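# Inside the fold
Chain residues, written in single-letter form:
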Amino acid sequence: MRELVYYVAVSLDGYIAGPDGQFDAFTFEGDHMSALNERFADTIPTVYAEQLGIDQSAGGFSTVLMGWNTYAVGLPEGMDSPYRHLEQIVFSRTQQTEAENLRVTAEDPARTVQELRGEPGGDIWLCGGGHLASQLLCEIDRVVLKRNPVVFGAGIPLFAATEYEPAQFEHLETTAYDSGVIVSELVKRSA
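Described below are features of the structure shown in this document. (Residues numbered from 1 in each chain as written. Predicted model: local features only at pLDDT ≥ 70, side-chain atom pairs only at ≥ 80, totals over all residues. Heavy atoms only, no water.)

Attention shifts here to the packing of aromatic side chains. The description of two aromatic rings rests on the distance between their centres and on the angle between their planes. If you walk through the whole model with that rule in mind, you get nine aromatic pairs. A ring pair is formed by Phe23 and Phe28, whose centres lie 6.2 Å apart and whose planes are at 75 degrees; its orientation type is edge-to-face. Relative accessible area serves as the criterion here: at 40%, Phe23 is assigned to the partly exposed category. By relative accessible area, Phe28 is classed as partly exposed at 46%. When the centroid spacing of 5.0 Å and the interplanar angle of 80 degrees are considered together, the rings of Tyr83 and Trp125 count as edge-to-face. With Tyr83 in the loop between helix 3 (68-72) and strand 4 (87-91) and Trp125 in strand 6 (residues 123-128), this residue pair connects regions lying 42 residues apart in the sequence. (Phe/Tyr/Trp six-rings, centres within 6.5 Å; stacked < 30°, edge-to-face > 60°. Buried < 20%, exposed > 50% of the residue type's maximum accessible area, 1.4 Å probe, protein only. Helix = DSSP H or I, 4+ residues; strand = E, 2+ residues; numbered from the N terminus.)

So, on to the sheet that holds strand 7 (residues 142-147). Here eight strands make up an open sheet; going across it, the order is 5-4-3-6-1-7-10-9 and the pairing mixed. Edge positions in the sheet fall to strand 5 (102-105) and strand 9 (169-176), since each has one partner strand and no second. Averaged over neighbouring strand pairs, the angle between their axes works out to 20 degrees when direction is ignored. Direction of pairing for strand 1 (residues 4-10) relative to strand 6: parallel, over a ladder of three bridges. Within the sheet, the bridge partner assigned to Leu4 lies in strand 6 and is Ile124. Contacting strand 1, strand 3 (61-67), strand 4, strand 5 and strand 6, helix 4 (residues 109-117) crosses the sheet at an angle of about 160 degrees to strand 4. (Pairing = 2+ DSSP bridges. Axes fitted to C-alpha atoms, helices over the stretch in contact; angles between N-to-C directions. Contact = heavy atoms within 4.5 Å.)

The next point concerns the pattern of salt bridges. Taken as a whole, this structure holds nine salt bridges when the rule is applied. Notably, a salt bridge pairs Glu3 with Arg142, separated by 2.9 Å at the nearest N-O pair. Pair noted here: Glu3 is in the segment before strand 1 and Arg142 is in strand 7, with a separation of 139 residues, a long-range link. Overall, Glu3 belongs to the partly exposed group, its relative accessible area being 22%. Between Glu139 and Arg117 there is a salt bridge, and its shortest N-O distance comes to 3.4 Å. Remark: Arg117 occurs in helix 4 and Glu139 occurs in the loop between helix 5 (130-135) and strand 7; sequence separation between them is 22 residues. Side by side, Glu139 and Arg117 carry an identical accessibility label, which is buried. (Salt bridge = Lys/Arg side-chain N within 4 Å of Asp/Glu carboxyl O.)

Mapped onto the elements, Asn101 comes out in the loop between strand 4 and strand 5. Looking at Asn101, the relative accessible area reads 40%, which means it is partly exposed. For the pair Asn101 and Leu86, spaced 15 residues apart in the sequence, the C-alpha separation amounts to 8.3 Å. Beyond its immediate stretch of four places on either side in the chain, Asn101 contacts Ser81, Tyr83, Arg84, His85, Leu86 and Gln88. Within the structure, the side chain of Asn101 is placed 3.4 Å from the backbone oxygen of Leu86, a separation counted as a polar contact. (Polar contact = N/O pair within 3.5 Å; in protein donor to acceptor, adjacent residues only side chain to side chain.)

Limitation: the analysis is restricted to geometry and does not speak to function.
Quick look at the structure:
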């Protein structure tokens, strides 16, 4: 069955972006990059992967899910279809776009994931943001956190605040890099 994987960079204080969607304080150079680019090549925007000569054909993901704000980060750069090598689904109740190979929907994210699980394909990547991650918490099978050695002070949290309802995850592995980035992988604990 296809897994929903929340693969995301996060600051030490739990933010996946600054208050206005900034992510430039994350560490993009260092020994962690080659390992992550190899394992998660399909999470690199298509244009950048092409420029870097990175092969995305063997990736584990076939679908990417984004909230509108996560998607909109690339629009000023002309990236209206950032992951065109994947099926792209953007959740928004108010926004639309004419971008190719991209679907904007106001459907219930959890129901969409449940439908995707029944279709053939690779895993489903939850790209962000924190509000969408909270809506999908019950559907998330795996979390891969790229903890960066930076404190934001404010921003978009890893998960938006919801009602108190703990979800347990089990540690699979953690790799610490000389760059200061620590990658931790966890899976949802079986009930």
